[in-house]
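# Understanding the architecture of this molecule
What follows is the residue order along each chain.
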Amino acid sequence: ELYHCRGALVLFDGMASLESLWELLLDAVSRCTPALDETPGGSAVFDLLLHHSGLPAESSPVETLDDLTRRLTAGMAVLLLDGCAQGIAFSVQSLKFRSVEEPAGEGNLRGSREGFTDLLRVNLSLLRRLIRTEQLVQEVTQADCEMKTEYALCYCKGKVSPGALAQVRKILAQAKPELLLDSSYFVPWLFPCRFRLFSPVSYTERPAVAAAKLCEGKIIVLVNGSPSAMILPTLFCENFDCLDDYATTAFFSSFLRILKYGAFYLSIFLPGVFVCWAVYLPLFAEMVMIILILEIIREAGLRMPQTLGHSVSLVAALIVGDAAIAAGLMSTPVLLVAGITSVAIFITPSLYEPATLLR
């Protein structure tokens, strides 16, 4: 009871901190709060607590059921009063999330070691720390899906194309995915095409890369619950770029760029060229079989627990390769060519999927 008015504190356990809530309320109790002479209704108590007390509450009240759900799922606690159609929200979030760590899939020798985490607000703060100007705009919106997942549209004013920005904002607002677990779920709406070999967008888990792309006039889309930031639009040549290119000399960076292009085309054409050179039909079956086996080993190593993945991949490759040669199913040159092809594509991992299909 508050001023003889019944009330209830509503929160989700594990998302709001009870300890922070009690400290906040005890601090408010210790302050001087105006008294009410007569027995008031819920609206009078609401007005007193929100506008005329030392209660550290959110400035905007909770007015609808959707707003209540949004506040609660954001980790807030809400005070509801009997006889009042509004609620008072308190910021006592205690959301558990993965700490800021270096991304495992984007290795760099130099530059920041920070990586995006799974919480949208943390990811937005990582970008804000790098771009400390008023040009950076971060628009946070709820997606039109059953989960009501939040996503953020990030761009730099004066550098992004106004037409492209307006089109992307409109498409994202109209998109209606059943689930929104990653920024890639927006791609079918942004680029409606049934058959596509190369992706028109790219992804990064590094705030430094995202900040660099923002300064180049790109648009970044972040989704709550995913560390992958979607960059759009993306050029094909950007698959061969990395942060280390800007930290080394121009000659060495150009050499690495040429090496990446060569490795990409090698991973696509080497098996086919080798088969053409041999001009022997069973060789075709050997090459297809070893490529499929290597794909199976890769998937097994990727999906298994990290402690076992590398060991399984190594042992499977050695045993399968040795047994295939011993049984006469495959020749050593075929294994050598397939091995070089599989390793070469990992120089440009973002092009792995189209390269595998082209091969």
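Please refer to the structure higher up on the page.
All of the points below concern the structure found in this document. (Residues numbered from 1 in each chain as written. Predicted model: local features only at pLDDT ≥ 70, side-chain atom pairs only at ≥ 80, totals over all residues. Heavy atoms only, no water.)

### Quick word on the overall build of the protein chain
- The secondary structure content of the protein chain amounts to 12 helices and eight strands.
- Computed over its C-alpha atoms, the radius of gyration of the protein chain comes to 28 Å, more than 25% above the 21 Å expected for a compact globule of 359 residues.
- For the protein chain, the spread of C-alpha atoms along the three principal axes comes to 100 × 45 × 40 Å.
- For the protein chain, the residues scored as buried account for 38% of the 359 residues in total.
- Sequence-distant contacts in the protein chain: of pairs separated by 6 or more residues, those separated by 24 or more amount to 62%.
- Summed over its atoms, the accessible surface of the protein chain is roughly 20600 Å², and 62% of this surface lies on carbon and sulfur atoms. (Helix = DSSP H or I, 4+ residues; strand = E, 2+ residues; numbered from the N terminus. Rg over C-alpha atoms; globule rule 2.2 N^0.38 Å. Buried < 20%, exposed > 50% of the residue type's maximum accessible area, 1.4 Å probe, protein only. Contact = heavy atoms within 4.5 Å. Areas by Shrake-Rupley, 256 points an atom, 1.4 Å probe, with all protein chains shown as cover.)

### Here's the deal with the pattern of salt bridges
- Applying the stated criterion across every chain yields a total of 13 salt bridges.
- Of the charged contacts, one joins Arg70 and Asp67 as a salt bridge, the two residues approaching to 2.7 Å between their closest N and O atoms. Taken together, the residues Arg70 and Asp67, both in helix H3 (residues 65–73) and three residues apart, mark about one turn of the helix.
- By relative accessible area, which is 35% here, Arg70 ends up partly exposed. (Salt bridge = Lys/Arg side-chain N within 4 Å of Asp/Glu carboxyl O.)

### Observations concerning the sheet that holds strand E1 (residues 7–10)
- As summarised here, the arrangement of the three strands in space is E1-E2-E3, forming an open sheet in which the pairing is antiparallel. The outermost strands of the open sheet, each flanked by one partner alone, are E1 and strand E3 (87–90). Pairwise comparison of adjacent strand axes, ignoring direction, gives a mean angle of 20 degrees for this sheet.
- Bridging between E1 and strand E2 (residues 77–81) involves four bridges; their strand directions are antiparallel. Of the residues in E2, the one forming a bridge with Ala8 is Leu80. (Pairing = 2+ DSSP bridges. Axes fitted to C-alpha atoms, helices over the stretch in contact; angles between N-to-C directions.)

### Examining the packing of helix H4 (residues 120–130) against helix H7 (residues 207–215)
- The contact between H4 and H7 brings their axes to 9 Å, and the two run at 60 degrees. In terms of their interaxial angle, H4 and H7 are classed as oblique. As for the relative orientation of H4 and H7, their crossing is right-handed in sense. Contacts between H4 and H7 involve Leu126, Leu127 and Leu130 from the former and Pro207, Ala208, Ala210, Ala211 and Leu214 from the latter.
- Classifying every residue of the contact of H4 with H7 by side-chain character gives eight nonpolar, no polar and no charged. (Parallel < 35°, antiparallel > 145°, perpendicular 65-115°, else oblique. Left-handed = near helix turned anticlockwise from the far one by under 90°. Nonpolar A, V, L, I, M, F, W, Y, C, P; charged D, E, K, R; others polar.)

### With respect to the side chain of Ser267
- Of note, Ser267 is situated in helix H8 (residues 250–278).
- Contacts of Ser267, omitting those with residues within four sequence positions, involve Thr341, Ala344, Ile345, Ala355 and Arg359.

### Quick word on the nonpolar core
- If you look at the biggest cluster of nonpolar residues, it comprises 22 residues, and the most contacted ones within it are Leu172, Phe186, Leu190, Met230 and Leu232.
- The set of elements that each furnish at least two residues to this core consists of strand E5 (150–156), helix H5 (162–174), helix H6 (187–190), strand E7 (219–223) and strand E8 (229–232).
- Per element, the largest residue contribution to this core is four residues, and it comes from H5.
- Setting aside residues up to four positions removed in sequence, Met230 forms contacts with Ser183, Phe186, Val187, Leu190, Val201, Ser202, Tyr203, Ile219, Ile220 and Val221.
- Grouped together as the second largest cluster of nonpolar side chains are 18 residues, Cys154, Cys156, Leu222 and Ala229 included. (Core = buried A, V, L, I, M, F, W, Y, C linked by side-chain atoms within 4.5 Å.)

### Thoughts on the sheet that holds E7
- Read from one edge of the open sheet, five strands run E4-E5-E7-E8-E6, paired in antiparallel fashion. Sheet topology places strand E4 (136–142) and strand E6 (202–204) at the edges, where each strand pairs with a single neighbour. Between one strand axis and the next, the sheet turns through 25 degrees on average, direction left out of account.
- Relative to E5, E4 is paired through seven bridges, and the arrangement is antiparallel. When the sheet's bridge partners are listed, Thr141 is paired in E5 with Tyr151.
- In the packing of H4 onto the sheet, the strands contacted are E4, E5 and E7, and the crossing angle to E4 comes to about 170 degrees.

### Digging into the side chain of Glu238
- With respect to the element layout, Glu238 can be found in the loop between E8 and H8.
- Not counting chain neighbours up to four residues away, the residues in contact with Glu238 comprise Lys213, Glu216, Lys218 and Pro233.

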